[in-house]
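# Commentary on secondary and tertiary structure
Here is what each chain is made of, one letter per residue.
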Amino acid sequence: MPQSKTPVFFLDPELVHRYNVSGPRYTSYPTALQFTDFDEQKLLWAIEESDLKNRDLSLYFHIPFCATLCYYCACNKIVTRKRKLATNYLNLLSKEIALQAPKFATRKVSQLHWGGGTPTFLDDDEISGLMYAIRDSFEIRSDEDGEFSIEIDPRTVNPDRIRHLRECGFNRLSLGIQDFNKKVQTAVNRKQSFSQTKQVIEAANRSGFKSVSVDLIYGLPHQSTQSFLKTLQQVVILNPDRISIYNYAHLPERFHPQKRILVSDLPTADEKLDILQLCIEELTSEGYQNIGMDHFAKPDDALCLAQKNGTLQRNFQGYSTQADCDLIAFGITGISHIGTTFSQNVKQLEQYQKLLEADKLPVEKGIVLSGDDLIRQAVIKALICQFNLRFADIEEVFDIEFATYFAKELVALRPLVQDGLCRINEQGVRVSHSGRLLIRNVCMVFDKYLHRPKTTTRYSRAI
Ligand code: SF4
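### A few points about the overall build of the chain
A tally of helices and strands in the chain yields 18 helices and 21 strands. Here the C-alpha coordinates of the chain stretch approximately 55 × 55 × 45 Å along the principal axes. Looking at the chain residue by residue over its 463 residues, the buried ones come to 56%. Put simply, 74% of the contacts in the chain that link residues at least 6 apart link residues at least 24 apart. Roughly 20700 Å² of accessible area belongs to the chain as shown, and the carbon and sulfur atoms make up 50% of that amount. Each charge class in the chain was averaged separately, 56 positive and 56 negative side chains, and the resulting centres sit 4 Å apart.

Quick look at the structure:
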């Protein structure tokens, strides 16, 4: 039942502009910018070491192909209509599975995610084939105990395909909407109608998907509060379980497709802030809860429940409910997190093929976390997932005295306390409602690597 339209908090424009600096989204700590040379041997050691803990596995499959190009896109993708590329890529993925799976023979998979690119670039037979290869090589937990998700592009599926995905074992769907306004869609080259999207979500509900999440983007060309209000109202009609509203960062020098977007068509920083305030008002008044940053979910959704009972996690897909797993990523650019390491696969298809044909794991970069990295990783996770950092929890696990170890950071937090982003007492740090939106600023205080010259310039801004 929708509640009254009183927002949970107002964004203070002066405050937000002041904190609107570039920073990581902390889907990992340390972030990928810290990765250096990393070879297969280091990965094999990490696997051997992590095996002793016998943790569950999370598998990520990167399907990089897209049939058309969205101009705002900053993902690792290959835009093509050549279907043969997918066939060859699937053969390589099977090879990578065959190399990796025997090393994890005693582990169970409780989380699976296919992302891209566009996983539904693959046809139904290709999707079943890859799923079969995964099931044949790994022990997958039951539908009740696991989270098995796929990103779909509504322009590439119909109700029959959605049913097929459910029959293949997926139980969560996530799909991009971005904006339903036609002028915005034309400017970013992504035409996707409300009825097309509605048909897909209704098919997902009929087929028994447990959760549907949608992505929106604010800051796109021609957007205004008025136009975006219409999109939000349409999204609410679709009734998804989770909604993410990402900030469009215009960085055409890094992401070349963005060169086709005219700066003069973009909303100003103040207009973007108004749109964000509107999102918070609309979605909270419709009963969605703000999980953190720009993520919203229904109160009975597993994400809200996990946040309430302290088990919320954060990984490369954003927030997650699954316990701390070892993550194995397959495909080009995929990032694995095994034991105390992060490692990233090669980015080029040719190199990926060459290494697999030589029976080598296609890893090229990564990092072995130091003791200090692990402490800071736990601190940042508590802040970004629970908004509540209890010093005693960190002291118990890492055998440190928090106030001494982080003396400099606690001083650096003081201005954020004065600005109302968080409160500090002897027990810990608690993040306020406005701090939730600017949570990356709070986390940045504990990020050792940001204090090195020129590190922040590669990240996007918070708003
Ligand atoms: S936004 Fe998604 S569908 Fe569009 S080009 Fe990027 S990866 Fe492909």
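Still to come is the rest of the account.
### Observations regarding the pattern of salt bridges
Scanning all chains against the criterion turns up 23 salt bridges. Its salt-bridge partner being Arg141, residue Asp56 comes within 2.6 Å of it at the nearest N-O pair. Remark: Arg141 occurs in the loop between β6 (139-140) and β7 (147-152) and Asp56 occurs in the loop between α2 (40-51) and β2 (57-63); sequence separation between them is 85 residues. Judged by relative accessible area, which is 29%, Arg141 ranks as partly exposed. Of the charged contacts in the structure, one is a salt bridge between Asp143 and Lys210, with a shortest N-O distance of 3.8 Å. Of this pair, Asp143 sits in the loop between β6 and β7 while Lys210 sits in the loop between α7 (194-207) and β9 (211-218), and the two are 67 residues apart along the sequence. Judged by relative accessible area, which is 37%, Lys210 ranks as partly exposed.

### A word on the nonpolar core
Counting 80 residues, the largest nonpolar core has Leu59, Phe61, Trp114, Ile134, Phe138, Ile162 and Phe170 as its most contacted members. Contact partners of Phe61, with chain neighbours within four places excluded, come to Leu93, Ile97, Leu112, His113, Trp114, Gly115, Leu130, Ile134 and Phe330. Counting 47 residues, the second largest nonpolar core, distinct from the first, contains Leu303, Ile335, Ile375 and Cys443.

### Considering the sheet that holds strand β19 (residues 388-390)
Spatially, three strands are ordered β19-β21-β20 in an open sheet, and the strand pairing comes out antiparallel. This sheet does not close on itself; its edge strands, each paired only once, are β19 and β20 (422-424). Here the strands of the sheet are splayed against their neighbours by 10° on average, with no regard to which way each runs. Bridge count between β19 and strand β21 (residues 428-431): three bridges; the pairing is antiparallel. Paired with Arg390 across the bridge in β21 is Gly428.

### Structural notes on unusual backbone geometry
Tyr29 connects to Pro30 through a cis peptide bond whose omega is -10°. With respect to the helices, strands and loops of the structure, Pro30 is situated in the loop between α1 (13-19) and β1 (36-37). With a phi angle near 70°, His222 is a residue other than glycine that sits in the positive phi range. Its location among the elements puts His222 in the loop between β9 and α8 (225-238). Relative accessible area serves as the criterion here: at 28%, His222 is assigned to the partly exposed category. Unusually for a residue other than glycine, Asp359 sits at a positive phi of about 60°. If you trace the backbone, Asp359 turns up in the loop between α11 (349-357) and β18 (363-368). Under the relative-accessibility criterion, Asp359 is labelled partly exposed at 46%.

Parameters and conventions
- Numbers given for residues are sequential positions, taken from 1 along each chain in its written order.
- Only residues with pLDDT of 70 or above have their local features reported here, since the model is predicted, and side-chain atom pairs are shown and tallied only from 80 upward, although totals for entire chains, interfaces and linings are computed over all residues.
- As a rule here, side-chain values cover all heavy atoms of the structure and leave hydrogens and water aside.
- For helices the rule is a DSSP run of H or I covering at least 4 residues; for strands it is a run of E covering at least 2, with both sets numbered from the N terminus onward.
- Residue exposure (1.4 Å probe, protein chains only): buried if accessible area is under 20% of the type maximum, exposed if over 50%, otherwise partly exposed.
- Contact definition: two residues touch when any of their heavy atoms are within 4.5 Å.
- Note that accessible areas follow from Shrake-Rupley with a 1.4 Å probe, and for residues the cover is restricted to the protein chains shown.
- Positive: Lys, Arg. Negative: Asp, Glu. His and the chain ends are not part of the count.
- Every charge is mapped onto a representative atom, which is NZ of Lys, CZ of Arg, CG of Asp or CD of Glu.
- A pair is scored as a salt bridge if a Lys or Arg side-chain nitrogen falls within 4 Å of a carboxyl oxygen belonging to Asp or Glu.
- For this analysis, a nonpolar core means a set of buried residues of the types Ala, Val, Leu, Ile, Met, Phe, Trp, Tyr and Cys, connected via side-chain atoms within 4.5 Å.
- In this analysis, strands are considered paired if DSSP registers two or more bridges between them.
- Only the stretch in contact is used when a helix axis is fitted, and all axes are lines through C-alpha atoms; the angle between N-to-C directions ranges over 0 to 180 degrees.

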